[in-house]
Amino acid sequence: MRGITMAGISKMDGGGRPPRACPIRRVVLAAVAAAVLGACGDGGSDYVPSANVAEGDAAFAQVLREKLLDARPGDVIEVPPGRYSFDRGLSLRVDNVTLRGAGQDKSVLSFKGQKAGAEGLLVNASHFTIENLAIEDAKGDGLKVNEGEHITIRGVRVEWTGGPDTGNGGYGLYPVKTRNVLIEDSIAIGASDAGIYVGQSREVIVRNNRAEYNVAGIEIENTVNADVHGNLATNNTGGILVFNMPALEQPGGNIRVFGNRVVANNTANFGAKGTPVASVPAGSGVVINSNDDVEIFDNDIQDNKTANIIVSSVYSTGYKDDSRSDSFDPYPERISVHGNRLSGGGDAPDGLDLKALKVSVYGLRGRFPDVLWDGYLNTDLEGGPQICLRDVSGVINADGPGGYKNPSQDLAGHDCRLPQLPTVDLRRG
């Protein structure tokens, strides 16, 4: 998550928008709430690091650096088996290059003790492929791809081997301002922000990956046309996040999240204090914030202690009006949830206010239903927000606009259907 401030919740005025200065009690609401008040997660105590890999030829580290610097279009750069140590980040700025290892547990680029560079590997190029290798313990982000097209990330493991820790790098796999992106068969572990993040991009497929022990497992932010499927998100603070951030110019939309397993994302939040990600409550399954045209279907979502599915507006974050782009729409609209297999969860929400809300509505031993909605909506929108919920145990409208004083459990208002969103086609044959 970028460009957002987690602050106090503000009551709405009669027009459906909060006044500029009317903060009330803090409310923690799934990456869309105020600062976390008392984590209930597992804290990463069950984390098991990846297997050790023998040290490779020490001279190859410098050889690889030179190959990346001297690369020409069409080059295939091979990384043989072994662990290779770097004290500075690597970079590539040439189009049409492939970086290929012998396997994500065989060819390891280790940045433990890195002294310079904001990433392990920074790529400013198009038609770039990286596959079958690992990036470990980067000082900052593991792999960042900036402003490229036709990006393939396949069979890549990015990991911070000490387990969840605030000092870990923010992002594991991190394409931003990209187009035509495929991330598949990869693993992200231990990122202090998001393990797999795609931001301000278009035409994206994220499939068959594993995200574990990150603050946010998989995050799609201000991105247009994305399919997220076949992934496992478990033991993160929040499993899969679909967000629009107010300060970014490109609004996201047309996001499909399907065929994933989003299970037990209850790890205590270890994001850096004062950063937006530090406000993601432990126990968040799939979270939609201020995004339109999102379809959540055919997923296995279970045992996320705050809620399995959360739908919310940026108004739950207290984000300041003067930080928003002109294109930003704060309300989640045209959200379709159907055909998922949901169970467990909602029994131990993170944050004092949500705990109190759960007890007041469902009792000490009760639990939130499958869907938690903060209740913010554009009252001027004809036809309502169209948050369509099918095959769910229920919904709680937390009444964020009213200070969470009059929550509702009316599922009838969500009895609607939306057209299915189109499949993302990267047109790669």
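All values reported here derive from a predicted model rather than from experimental measurement. (Residues numbered from 1 in each chain as written. Predicted model: local features only at pLDDT ≥ 70, side-chain atom pairs only at ≥ 80, totals over all residues. Heavy atoms only, no water.)

**With respect to the state of the cysteines**
Structurally, a disulfide amounts to a covalent bond that connects the sulfur atoms of two cysteines.
And step 1. With the rule as written, the count across this model stands at one disulfide.
And step 2. Each sulfur of the disulfide joining Cys388 and Cys416 lies 2.0 Å from the other. Looking down the S-S bond of the Cys388 and Cys416 bridge, the torsion is -110°, so its handedness is left-handed. With Cys388 in strand E29 (residues 387–389) and Cys416 in the segment after strand E30 (395–397), this residue pair connects regions lying 28 residues apart in the sequence. (Disulfide = S-S within 2.5 Å. Helix = DSSP H or I, 4+ residues; strand = E, 2+ residues; numbered from the N terminus.)

**Things to note about helix H2 (residues 352–362)**
And step 1. By the burial criterion, the buried members of H2 are Asp353, Leu354, Leu357 and Lys358. Take H2 and look down its axis: the buried residues cluster within an arc of 135°, on one side only. With respect to the buried face of H2, the exposed residues turned more than 90 degrees away are Leu352 and Ser360.
And step 2. Residues of H2 that are buried in the fold lie against strand E28 (371–373) and E30.
And step 3. Of the residues one or two after H2, Gly363 is the one with positive phi, at around 85°. (Buried < 20%, exposed > 50% of the residue type's maximum accessible area, 1.4 Å probe, protein only. Arc of directions from axis to C-beta. Contact = heavy atoms within 4.5 Å.)

**Notes on the confidence of the model for the chain**
And step 1. Residues at a pLDDT of 70 or more form 87% of the chain, whose mean pLDDT is 88.
And step 2. Predicted confidence for residues 1–45 stays below pLDDT 50, and this span has 166 contacts to residues more than four positions away or in other chains. (pLDDT = per-residue confidence, 0-100.)

**Structural notes on the sheet that holds strand E22 (residues 284–289)**
Where strands meet in a sheet, backbone hydrogen bonds hold them as pairs that are either parallel or antiparallel.
And step 1. Ordered by their spatial adjacency, eleven strands build an open sheet running E3-E6-E8-E10-E13-E16-E19-E22-E25-E28-E30, and the pairing between neighbours is parallel. A single partner strand is all that each edge strand has here, and the edge strands are strand E3 (88–92) and E30. Averaged over all adjacent pairs, the angle separating strand axes in this sheet is 15°, with direction ignored.
And step 2. Both strand E6 (residues 116–123) and strand E8 (residues 141–146) contribute to a ladder of four bridges, which runs parallel. Within E8, the position partnered with Glu119 by the bridge is Asp141. (Pairing = 2+ DSSP bridges. Axes fitted to C-alpha atoms, helices over the stretch in contact; angles between N-to-C directions.)

**Concerning the pattern of salt bridges**
And step 1. Scanning the model with the defined rule gives 17 salt bridges in all.
And step 2. The partner of Arg100 in a salt bridge is Glu131, with the nearest N and O atoms 2.6 Å apart. Here Arg100, found in strand E4 (residues 97–101), pairs with Glu131, found in strand E7 (residues 128–136); they are 31 residues apart in sequence, far enough to count as distant.
And step 3. When its relative accessible area of 29% is taken as the criterion, Arg100 is described as partly exposed.
And step 4. Put simply, Glu184 and Arg154 hold a salt bridge, and the shortest N to O gap is 2.6 Å. You can see Glu184 sitting in strand E11 (residues 179–184) and its partner Arg154 sitting in strand E9 (residues 149–159), a full 30 residues away along the chain. (Salt bridge = Lys/Arg side-chain N within 4 Å of Asp/Glu carboxyl O.)

**Quick notes on unusual backbone geometry**
And step 1. Here the phi dihedral of His150 falls at roughly 60°; this positive angle occurs in a residue that is not glycine.
And step 2. Tracing the sequence through the fold places His150 in strand E9.
And step 3. Of note in this structure, Tyr404 is not a glycine but carries a positive phi near 65°.
And step 4. For Tyr404, the location among the structural elements is in the segment after E30.
And step 5. Of the residues examined, Tyr404 reaches a relative accessible area of 7% and is grouped as buried.

**Things to note about the environment of Asn291**
And step 1. For Asn291, the location among the structural elements is in the loop between E22 and strand E23 (292–297).
And step 2. According to the relative accessible area criterion, Asn291 is buried, its value standing at 1%.
And step 3. Separated by 39 residues in sequence, Asn291 and Pro330 place their C-alpha atoms 7.8 Å apart.
And step 4. Setting aside anything within four residues of it in sequence, one finds Asn291 in contact with Val242, Phe243, Asn244, Gly252, Gly253, Ile255, Pro332, Glu333 and Ile335.

**Topic: the environment of Ala138**
And step 1. Note on placement: Ala138 falls in the loop between E7 and E8.
And step 2. Distance from Ala138 to Gly120, taken between C-alpha atoms, is 5.0 Å for residues 18 residues apart in sequence.
And step 3. Residues in contact with Ala138, not counting those within four places in the same chain, are Phe111, Gln114, Gly120, Trp160 and Gly169.

**Side note on the packing of aromatic side chains**
And step 1. If you walk through the whole model with that rule in mind, you get ten aromatic pairs.
And step 2. When the ring of Phe86 is compared with that of Phe111, the centres are 5.3 Å apart and the planes differ by 25°; the resulting orientation is stacked. Of this pair, Phe86 sits in the loop between strand E2 (82–85) and E3 while Phe111 sits in the loop between strand E5 (107–110) and E6; the two residues are 25 residues apart in sequence, bridging distant segments of the chain.
And step 3. Measuring from centroid to centroid gives 5.6 Å for Tyr315 and Tyr331, while their planes differ by 65°, and the two rings are edge-to-face. With a gap of 16 residues between them, Tyr315 in the loop between strand E25 (307–312) and strand E26 (333–338) and Tyr331 in the loop between E25 and E26 connect regions that are remote in the sequence. (Phe/Tyr/Trp six-rings, centres within 6.5 Å; stacked < 30°, edge-to-face > 60°.)

**Topic: the side chain of Gln114**
And step 1. With respect to the helices and strands, the residue Gln114 is situated in the loop between E5 and E6.
And step 2. Among the residues examined, Gln114 registers a relative accessible area of 8% and is labelled buried.
And step 3. For Gln114, the side chain forms a polar contact with the main-chain oxygen of Gly117, separated by 3.2 Å.
And step 4. Ignoring sequence-local partners within four residues, the contact set of Gln114 consists of Phe86, Asp87, Arg88, Gly89, Glu119, Ala138 and Lys139. (Polar contact = N/O pair within 3.5 Å; in protein donor to acceptor, adjacent residues only side chain to side chain.)

**Details of the environment of Val359**
And step 1. Its location among the elements puts Val359 in helix H2.
And step 2. With a relative accessible area of 35%, Val359 lands in the partly exposed category.
And step 3. Sequence separation between Val359 and Ala348 is eleven residues; the distance between their C-alpha atoms is 10.0 Å.

**Points about the pairing of E22**
And step 1. Taking burial as the measure, the six residues of E22 include six buried ones, the bulk of the element.
And step 2. Examined bridge by bridge, E22 and E25 share five bridges and lie parallel to one another. Bridge pairing in E25 links Ile288 to Val311.

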